[in-house]
Amino acid sequence: MWETLKTRHQDVATRSIASLFSSGARASRFSMSHNGLLFDYSKTNLDFDILNDFKALLDDVDFEAKREAMFSGAAINETEGRSVLHIAPRVAQSADWPEIVVDGEHVLADTRAGHARLESFAHDVRSGAWPGDGVTITDVVNIGIGGSDLGPAMAVQALSPYGDGPKCHFVANADGADLHDTLFDLDPHTTMVIVASKSFTTLETMQNARSALAWMSQSVPDAPSRFVAISSAVGLTSAIGIPDSQVFGFGSYIGGRYSVWSPIGLSLMVSIGPEAFSEFLKGGLDMDQHFLTTPALENMPVLLALVGLWHHQICGYGTRAVIPYEQRLARLPAYLQQLEMESNGKGVDMQGNPLEHGGGPVVWGEPGTNGQHAFFQLIHQGQQVVPCEFLVGANGHEPDLRHHHKVLVGNCLAQSEALMRGKTLEVAYRELLDQGIEPEDARLLASQKTFSGNRPSTTLVYPKLTPFVLGQIIALYEHRVFVEGVALGINSFDQWGVEFGKELARAFAPAFEGGALPEDANPSTAHLLEYVLKCEETRESAD
Ligand SMILES: O=P(O)(O)OC[C@H]1O[C@](O)(CO)[C@@H](O)[C@@H]1O
């Protein structure tokens, strides 16, 4: 099917997307809605023949059976020998969802019990009942990195209008500046620290946790009592003395970058409250039900994936820009970078063979309208085509600033229109003449003001960024990653590619304590280190 799709691409490569609208019904036929969300992919070069070829491709790779396997708890993460059940916290919200049994463990029953315990703890923190010494927690510092940071950080910001609990802060980087700048003006007496790490071995997180504990110990006599641990490796959490009653575990079948739904989302739960957090889970559940039961070509995550495969694998566009017209989704592109690039940024298939059709694209982005004043120049006139994925809410949370929202939405719609429509040399020239520019100057300037157009984009419209809607959106993207991974033959749930760099960082550590670099270190690396150490000595003697 890949070859058929590539041939189709050759046939339609020069076709104008705008011309596809001449049939009149394209806008409604190449968009779909589900429970408040509208996904419009009409401003792409996809047609029904292409979609049907993709459907055949999904049949070839047994997509429906693989989807069923994920939901039923089969060990589809083969290289780590694990099930993939980030859906568990969501489907556990439905009393009727059939139990999922993995290695004799009743996943949903366990998930519900763990969730109830977490909810009770979050209630206590929010009400001031915890820590119980007359202190009310005003600030929460989540120490974690990757999936133990990006999901909660993105969601806390996204749902800030619902945030009526303690203020949440996030520390991820090994750079001490991150911890320093966060703790700088916090009161240790009223601060709770969450150490969030699935493995509880991640270097950055462990170092930040120890330094935060030292900071807390200067003022709070029983500092570990203000710490909470969240991990799949609960046996390791005692290393920093966190009491068992403040340790919340979750199953290893929930991958780090898929873990915002699990206890890793505690900071979000404390911020918006357990009821609103349940709404977030229910939004995810809504998307799960849709994804699991809807035919492929009416299925939102599948369609999102097919657009992605069409643009990257077939058209050869190297990157995908995600542009939320929603300031509070400022961290969504970073969140999706991990979700998509750590999942599908692979070079080999499940059997270890080089991927025939490549892995996932580079994902990047910024909120609109800011991006318009930064990188949209290239998107409109640069020589490479960057498919854009716009997201926009029909409503904002600021009724008094509704006029701002109209401008925001207007800009979003204008971008997708301009990208597709373009502007010919002739039109640009005429416009300049109409402005009274001399013909010779107009001719010169017109080429600068020409837009090739025919640049694809999709738009996801949601009613308002509520906890439920955010849950729908995040689950939508997660399932998209799964579909793309299945189509390409990738295991989307391991991340061996990040291990080698970690190994070398560990091996280099002694060189900073008077030891030596490993013998096989490259001379360039040795030269850089020598320079750093020299500067460090200079700084110390200057002190
Ligand atoms: O939650 P942990 O185990 O500290 O891992 C943090 C992150 O590190 C990674 O393993 C990559 O190094 C991610 O997959 C994960 O989200």
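For the protein, the name recorded in an unreviewed UniProt entry is Glucose-6-phosphate isomerase, with Shimia litoralis as its organism. Listed in UniProt under the heading Sequence similarities (unreviewed entry), the comment for the protein reads: "Belongs to the GPI family." Word for word, the UniProt comment on the protein under Catalytic activity (unreviewed entry) is "alpha-D-glucose 6-phosphate = beta-D-fructose 6-phosphate".

*Asks:* Can you lay out the site of the ligand for me, pointing to particular residues and giving the numbers?
*Replies:* Taken together, 14 residues lie around the ligand, and Ser148, Ser197, Ser199, Thr202 and Glu342 are the ones closest in. Between the ligand and Gly147 there is a distance of 2.7 Å, counted from an oxygen atom to a backbone nitrogen or oxygen. Taking Glu342, its side chain carries an N or O atom lying 2.6 Å from an oxygen atom of the ligand. When isolated, the ligand has an accessible area of 390 Å², and the protein chains bury 88% of it. Put simply, the ligand lies in the largest pocket.

*Asks:* Explain the sheet that holds strand 7 (residues 191-196) to me, and be specific about the residues and the numbers.
*Replies:* The five strands are arranged 6-5-7-8-9 in an open sheet whose pairing can be described as parallel. Each edge of the sheet is formed by a strand with only one pairing partner; in this case those strands are strand 6 (167-171) and strand 9 (247-249). On average, each strand axis in the sheet is tilted by 20° relative to the strand beside it, whichever way the strands run. Sheet topology places strand 5 (residues 139-143) next to strand 7; five bridges connect them, and they run parallel. If you follow Ile143 over to strand 7, its bridge partner there is Val195. In the packing of helix 8 (residues 176-183) onto the sheet, contacts are made with strand 5 and strand 6, and the angle to strand 6 comes to roughly 160°. In the packing of helix 9 (residues 203-217) onto the sheet, contacts are made with strand 5, strand 6, strand 7 and strand 8 (227-231), and the angle to strand 7 comes to roughly 160°.

The rules behind each value
Chains are numbered independently. Their residues run from 1 in the order of the written sequence. Restriction of local features to residues with pLDDT of at least 70 applies here, the model being predicted, together with a cutoff of 80 or more for giving and counting side-chain atom pairs; totals for whole chains, interfaces and linings are based on all residues. Excluded from the side-chain calculation are hydrogens and water; included are all heavy atoms of the structure. UniProt positions are given in the numbering used here, feature names are shortened, and annotations may be inferred rather than shown by experiment. We call a residue near a molecule or strand when any one of its heavy atoms sits within 4 Å of it. Any pair of nitrogen or oxygen atoms within 3.5 Å is treated as a polar contact; in protein, a donor-acceptor pairing is required on top of that, and neighbouring residues in sequence qualify only through side-chain atoms on both sides. Where accessible areas are quoted, they stem from the Shrake-Rupley method and a 1.4 Å probe; at the residue level, only the protein chains shown are allowed to cover. A cavity here means a set of points on a 1 Å grid, drawn over the protein atoms and nothing else, where a 1.4 Å probe fits but cannot get out; a pocket is an open set with protein on both sides within 12 Å along at least five of seven lines, and a residue lines either one if it has an atom within 4 Å of a point. Being in a pocket or cavity means that more than half of the molecule's atoms lie within 2 Å of its grid points. For two strands to pair, DSSP has to find at least two bridges joining them. Counting from the N terminus, the helices are the DSSP runs of H or I reaching at least four residues and the strands are the DSSP runs of E reaching at least two. Axis geometry follows a simple rule: fit a line to the C-alpha atoms, using only the stretch in contact for helices, then measure angles between N-to-C directions, giving values from 0 to 180 degrees. Contact criterion: two residues are considered in contact whenever any of their non-hydrogen atoms come within 4.5 Å of each other.

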